[in-house]
Amino acid sequence: MQWGKVKNILIVILVAVNAFLLCNLGVKQWQDWERVRELQANLGELLAGYGIELDASFRLPGDTVLPTLSVDRSRTSEEAVAAAALGGELERTEREDGAVLLEGASGSLEWQADGRLQGECATGEPAPEEEKQAQRLAQRLLEKWGLASDDAAYTADGLSVTMTGTAAGLPVFNRQISLRFDGQGGAAVSGLWSFGTPYTTVQASGTACVASDALLAFAANGQDCTRITSMTIGYRLQSDSGRRLQLTPTWKIGTDSGDYLVDCAKKTILEQEN
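Residues numbered from 1 in each chain as written. Predicted model: local features only at pLDDT ≥ 70, side-chain atom pairs only at ≥ 80, totals over all residues. Heavy atoms only, no water.

Student: Which parts of the structure should I look at to understand the nonpolar core?
Tutor: The nonpolar side chains of a soluble globular protein tend to be buried, and buried together. Core analysis: the largest hydrophobic core is formed by 32 residues, its most contacted members being Leu215, Phe218, Ile228, Met231 and Trp251. Looking at this core, the elements with two or more residues in it are helix H1 (3–48), strand E3 (69–72), helix H4 (211–220), strand E13 (227–241), strand E14 (244–255) and strand E15 (258–263). Residue contacts for Phe218: discarding those within four places in its chain leaves Ile52, Gln223, Cys225, Ile228, Ile253, Thr255, Tyr260, Val262 and Ile269. Listed in part, the 28 residues of the second largest apolar core include Ala85, Leu102, Ala152 and Trp193. (Core = buried A, V, L, I, M, F, W, Y, C linked by side-chain atoms within 4.5 Å. Buried < 20%, exposed > 50% of the residue type's maximum accessible area, 1.4 Å probe, protein only. Helix = DSSP H or I, 4+ residues; strand = E, 2+ residues; numbered from the N terminus. Contact = heavy atoms within 4.5 Å.)

Set out below in structure tokens:
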């Protein structure tokens, strides 16, 4: 048999195999889509029993497994932020509850033991008069103070601007810093923040984040809402020890009455302030 004919036969076989594999992949994807659609329909019926409906645009997220992460508190980074924001020599006062008050020429900042920050300072900049100016100024100040990261996102509401960040490529729903400008060259600072790279502390299989379980736990808890609009997987930052913070896998459920956080492992529900 001539080589040209053999080559043509091989090409036909390869095309047939690829077509078979693509067909199997398409069937599998269709079956997966059908299962998700059926699960969402069943969930809709169960939620209706609690007086809650799924919005027409709602799409049930896929289940996943996420590790619990830890991040060390950095007193050095906290003091560096205060030095950049307040200027001059800092007066440092440690409280019995683990909080540290840092006072400087332009105001004061307090880092609490759980990573929360609050304080007031003079910005040294002209006061913003509208929302876009406030957002630009907040971004510039937070970058100057060493708080902003490459993945930082900003949202503005009048003269109040909030910066959020991520961990391991996922949102951290309560990790945010807010600046509220007073219109006279000053700003109130508040929020919860962390520094450094998160890491795992134990070898474990991680936490199963099952969307349907979280939805049913949410509905059964009797929340004051009638419609669920969205659902997102991410983390929640919380206190672990005096020198460490913990990132816990968490679902964020958007509803017509606000956003709620559902712990993936414990199924406990926390209202997320907007």
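Student: What is the right way to read the side chain of Arg175 from this model?
Tutor: With respect to the helices and strands, the residue Arg175 is situated in strand E10 (residues 170–181). Buried charge without a partner: Arg175 forms no salt bridge, and the closest opposite charge is Asp151, 5.3 Å away. A distance of 2.9 Å separates polar atoms of two side chains, one belonging to Arg175 and the other to Ser194. Residues within four places of Arg175 in sequence aside, it is in contact with Met163, Thr164, Gly165, Thr166, Leu192, Trp193, Ser194 and Leu237. (Lys, Arg positive; Asp, Glu negative; His and termini not counted. Salt bridge = Lys/Arg side-chain N within 4 Å of Asp/Glu carboxyl O. Polar contact = N/O pair within 3.5 Å; in protein donor to acceptor, adjacent residues only side chain to side chain.)

Student: Whenever I open this one, a nonpolar patch on the surface confuses me. Can you help?
Tutor: Residues Ile9, Leu10, Ile13, Val17, Phe20 and Leu21 make up a contiguous nonpolar surface patch of about 550 Å² in total accessible area. For Leu10, the position within the fold is in helix H1. (Patch = residues over 30% accessible without salt bridge, like charges linked within 9 Å, V, L, I, M, F, W, Y side chains within 5 Å. Areas by Shrake-Rupley, 256 points an atom, 1.4 Å probe, with all protein chains shown as cover.)

Student: Help me understand the packing of aromatic side chains in this model?
Tutor: Between two aromatic rings, the relevant description is the distance of the centres plus the angle of the planes. One pass over the full model with this rule turns up two aromatic pairs. Positioned above the aromatic ring of Trp193 is the side chain of Arg175, whose terminal nitrogen or guanidinium carbon lies 3.9 Å from the ring centre. (Phe/Tyr/Trp six-rings, centres within 6.5 Å; stacked < 30°, edge-to-face > 60°. Lys NZ or Arg CZ within 6 Å of the ring centre and 35° of its normal.)

Student: In this structure, what is going on with the pattern of salt bridges? I would like to understand it.
Tutor: Close approach of charged atoms lets side chains of opposite charge pair. This structure, assessed with the given rule, holds ten salt bridges. For Glu78, the salt bridge is made with Arg73, and the minimal N-O distance between the two is 2.9 Å. Taken as a pair, Glu78 and Arg73 share a single burial class, namely buried. A salt bridge links Arg92 to Glu79; the shortest N-O distance between them is 2.4 Å. Pair noted here: Arg92 is in strand E4 (residues 91–94) and Glu79 is in helix H2 (residues 75–86), with a separation of 13 residues, a long-range link. Several salt bridges converge on common partners, so that one network encompasses Arg73, Arg75 and Glu78.

Student: Sorry, what's going on with H4 here?
Tutor: Counting along an α-helix, one turn takes 3.6 residues, and residues three or four places apart therefore face a common direction. Taking burial as the measure, the ten residues of H4 include seven buried ones, the bulk of the element. Within the sequence span of H4, burial applies to Ala211, Ser212, Ala214, Leu215, Ala217, Phe218 and Ala219. Of the residues flanking the end of H4, it is Gly222, one or two places downstream, whose phi is positive at about 75 degrees.

Student: Help me out: how do you make sense of helix H3 (residues 131–145) in this one?
Tutor: Its 15 residues place the ends of H3 21 Å apart at the C-alpha level, agreeing with the 21 Å of an ideal helix rising 1.5 Å per residue. For H3, the set of buried residues is Ala134, Leu137, Ala138, Leu141, Leu142 and Trp145. Projected down its long axis, H3 carries its buried residues within an arc of 130 degrees, all on one side. In H3, the exposed positions that point more than 90 degrees away from the buried face belong to Lys132 and Lys144. Buried positions along H3 lie against H2, strand E7 (116–122), strand E8 (153–157), strand E9 (160–167), E10 and strand E11 (186–192). (Expected span 1.5 Å × (residues − 1). Arc of directions from axis to C-beta.)

Student: Please explain the side chain of Asp263 as it appears in this structure.
Tutor: The topology assignment puts Asp263 in strand E15. A polar atom in the side chain of Asp263 sits 3.4 Å from the side chain of Arg236. Among the polar contacts listed, one links the side chain of Asp263 to the backbone nitrogen of Lys266, at a separation of 2.8 Å. If sequence neighbours within four positions are ignored, Asp263 has contacts with Arg236, Thr248, Pro249, Thr250 and Thr268.

Student: In this structure, what is going on with the pairing of strand E6 (residues 107–111)? I would like to understand it.
Tutor: Regular strands have side chains that alternate between both faces of the sheet. Direction of pairing for strand E5 (residues 100–104) relative to E6: antiparallel, over a ladder of five bridges. From the neighbouring strand, Glu103 faces E6, where its bridge partner is Ser108. Hairpin geometry of E5 and E6 is characterised by an intervening segment of two residues between the two adjacent antiparallel strands. Here five bridges tie E6 to E7, and the two strands are oriented antiparallel to one another. Residue pairing in the sheet places Gly107 in a bridge with Cys121 of E7. With antiparallel pairing between neighbouring strands as the criterion, E6 and E7 make up a hairpin whose turn holds four residues, including Gly115 at a positive phi of roughly 90 degrees. (Pairing = 2+ DSSP bridges.)

All quantities given are derived from atomic positions and should not be read as evidence of function.
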